[in-house]
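A closer look at the structure
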Amino acid sequence: QYTCGGIVVAGLLYVVLAIIIKAVGVHKVMRFLPPVVTGPIIILIGLNLAPSAVSNASTCWWLALVAMAIIIVANIWGKGMIKIIPILLGVVGSYIVALVAGKVDFSSLAGTSIIGFQPFITNFSGSIAKFDVSAILVMAPIAIASMMEHIGDMSAISATVGENFIEDPGLHRTLVGDGIATALAGLFGAPANTTYGENTGVLVLSRVHDPRVIRLAAIYAIVLSFSPMFAAFVSSIPSAIIGGVSFILYGMISAIGVRNVVENRVDFTNSRNLIIAAVILVS
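Residues numbered from 1 in each chain as written. Predicted model: local features only at pLDDT ≥ 70, side-chain atom pairs only at ≥ 80, totals over all residues. Heavy atoms only, no water.

Assigned secondary structure in the chain consists of 15 helices and 0 strands. The C-alpha radius of gyration of the chain comes to 21 Å, within 12% of the 19 Å expected for a compact globule of 283 residues. In terms of overall dimensions, the chain has C-alpha extents of about 55 × 55 × 35 Å along its principal axes. For the chain, the accessible area works out to roughly 15,900 Å², and carbon and sulfur atoms hold 71% of it. (Helix = DSSP H or I, 4+ residues; strand = E, 2+ residues; numbered from the N terminus. Rg over C-alpha atoms; globule rule 2.2 N^0.38 Å. Areas by Shrake-Rupley, 256 points an atom, 1.4 Å probe, with all protein chains shown as cover.)

At a closest axis distance of 10 Å, the pairing of helix 6 (residues 86–100) and helix 14 (residues 239–263) adopts a crossing angle of 155 degrees. On the basis of their axis angle, the class for helix 6 and helix 14 is roughly antiparallel. Remark: the crossing between helix 6 and helix 14 carries right-handed chirality. Within the contact between the two elements, helix 6 uses Ile87, Val91, Ser94, Tyr95 and Ala98 and helix 14 uses Ile241, Val245 and Leu249. Broken down by class, the residue content of the contact of helix 6 with helix 14 amounts to 7 nonpolar, 1 polar and no charged. (Axes fitted to C-alpha atoms, helices over the stretch in contact; angles between N-to-C directions. Parallel < 35°, antiparallel > 145°, perpendicular 65-115°, else oblique. Left-handed = near helix turned anticlockwise from the far one by under 90°. Contact = heavy atoms within 4.5 Å. Nonpolar A, V, L, I, M, F, W, Y, C, P; charged D, E, K, R; others polar.)

A word on the nonpolar core. Ile21, Val26, Met30, Ile166, Leu171 and Leu175 are the most contacted members of the largest nonpolar core, which has 24 residues in total. Listing elements by their share of this core, those giving two or more residues are helix 1 (2–24), helix 2 (26–30), helix 3 (35–57), helix 9 (142–161) and helix 10 (166–187). Here the element with the most residues in this core is helix 9; it accounts for 5 residues. Look past the residues within four positions of isoleucine 166 in its chain and what remains in contact with it is Val26, Met30, Met154, Ser155, Ser158 and Leu171. (Core = buried A, V, L, I, M, F, W, Y, C linked by side-chain atoms within 4.5 Å. Buried < 20%, exposed > 50% of the residue type's maximum accessible area, 1.4 Å probe, protein only.)

For the rest of this paragraph, the subject is the packing of aromatic side chains. In this structure the tally under the stated criterion is 2 aromatic pairs. Between tryptophan 61 and phenylalanine 247, the aromatic rings sit 6.0 Å apart at their centres with planes inclined by 75 degrees, giving edge-to-face as the arrangement. You can see tryptophan 61 sitting in helix 4 (residues 61–77) and its partner phenylalanine 247 sitting in helix 14, a full 186 residues away along the chain. The exposure class assigned to tryptophan 61 is partly exposed, which follows from its relative accessible area of 39%. Using a relative accessible area of 32% as the deciding quantity, one classes phenylalanine 247 as partly exposed. (Phe/Tyr/Trp six-rings, centres within 6.5 Å; stacked < 30°, edge-to-face > 60°.)

Moving on, we get to the pattern of salt bridges. Applying the stated criterion across every chain, the model contains 2 salt bridges. Close ionic contact of aspartate 210 with arginine 212 constitutes a salt bridge, the shortest N to O distance being 2.7 Å. Exposure remark for arginine 212: the relative accessible area of 56% places this residue in the exposed category. (Salt bridge = Lys/Arg side-chain N within 4 Å of Asp/Glu carboxyl O.)

On to the side chain of serine 146. Tracing the backbone shows serine 146 in helix 9. Side-chain polar atoms of serine 146 contact the backbone oxygen of alanine 143, separated by 3.1 Å. Apart from residues no more than four positions distant in its own chain, serine 146 is found in contact with Tyr14 and Thr194. (Polar contact = N/O pair within 3.5 Å; in protein donor to acceptor, adjacent residues only side chain to side chain.)

What follows deals with the side chain of serine 227. If you trace the backbone, serine 227 turns up in the loop between helix 12 (211–224) and helix 13 (228–235). Its relative accessible area of 11% is what places serine 227 among the buried residues. Not counting chain neighbours up to four residues away, the residues in contact with serine 227 comprise Ser113 and Ile114.

Its 23 residues give helix 1 an end-to-end C-alpha distance of 33 Å, which sits within 8% of 33 Å, the value for a rise of 1.5 Å per residue. Taken residue by residue, helix 1 has Cys4, Gly5, Gly6, Ile7, Val8, Ala10, Gly11, Tyr14, Ala18 and Ile21 as its buried positions. The inward-facing, buried residues of helix 1 contact helix 2, helix 8 (133–139), helix 9 and helix 10. Glycine 25 sits one or two residues past helix 1 and shows a positive phi near 100 degrees. (Expected span 1.5 Å × (residues − 1).)

To continue, consider a nonpolar patch on the surface. Taken together, the side chains of Leu216, Ile219, Tyr220, Val223, Leu224, Phe230, Phe233 and Val234 present a nonpolar region at the surface, about 720 Å² in accessible area. Taken together, the elements giving at least two residues each to the nonpolar patch come down to helix 12 and helix 13. Mapped onto the elements of the fold, isoleucine 219 is located in helix 12. What makes isoleucine 219 partly exposed here is its relative accessible area of 48%. (Patch = residues over 30% accessible without salt bridge, like charges linked within 9 Å, V, L, I, M, F, W, Y side chains within 5 Å.)

Once that is clear, we can look at the environment of leucine 63. Assignment of secondary structure puts leucine 63 in helix 4. The class for leucine 63 is buried, based on a relative accessible area of 1%. Measuring from C-alpha to C-alpha, the distance between leucine 63 and threonine 194 comes to 30 Å, with 131 residues separating the pair along the chain. In contact with leucine 63, not counting residues within four places along its chain, are Ser94, Val97, Ala98, Pro238, Ala240 and Ile241.

The analysis is restricted to geometry; functional conclusions fall outside its scope.
This is how it looks when you write it as structure tokens:
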């Protein structure tokens, strides 16, 4: 509960930064985050995620390679809908292969019901956040790191889609949304929210950039969250398949960072730019 209190304050720090950005103007803020900074940060988001992809894939390399192969074939040579859903095809196709090979464990499905609902009110008193200075001092500073990732992800998505979302709808609005979501989640005993770099990789592969698709996905996720059986089915997906999919998604994020540097013509013959990038990458 005290950790949740720290998460609430961390979310409110997002709102504070958003107010500062709104007051001073996003252009002045982004002067301190030029492409020579955001590019390497985007590259790092992908590279920092990479070890988990390798760890998952290493549980069964051949199955991970099957997932990767399906995604690559669907994305490069697929037409119409096939080209739009390579990730889904990669998961479903490799899952079928895993079934045939006896690599799927259905033990988590035993005893699960199709519909399940835990009354929230019975757990309310035990979930509500409590505030303690020590917990806040431990948890809240983490918001600084996640805010930087937020800005990096927004830069990556802007580069992917070809629109400057940092200006419109504005970085202050996206930060407020992330911050309020985190604060509300923490207030009622849930974990913090953060932007996910994996989704940038999905945007690159599918080339579907319509926000309505994300809204529908959110509705589906909420509805399906009431099904313990569906949750158990998802957990039955072998880790190797997740690793194979992640291999491509995480690599895509880093590749977007490289593209961000190239498209903005960052001059790496300039020793100042080299030092900035070098320090970011090693840090």
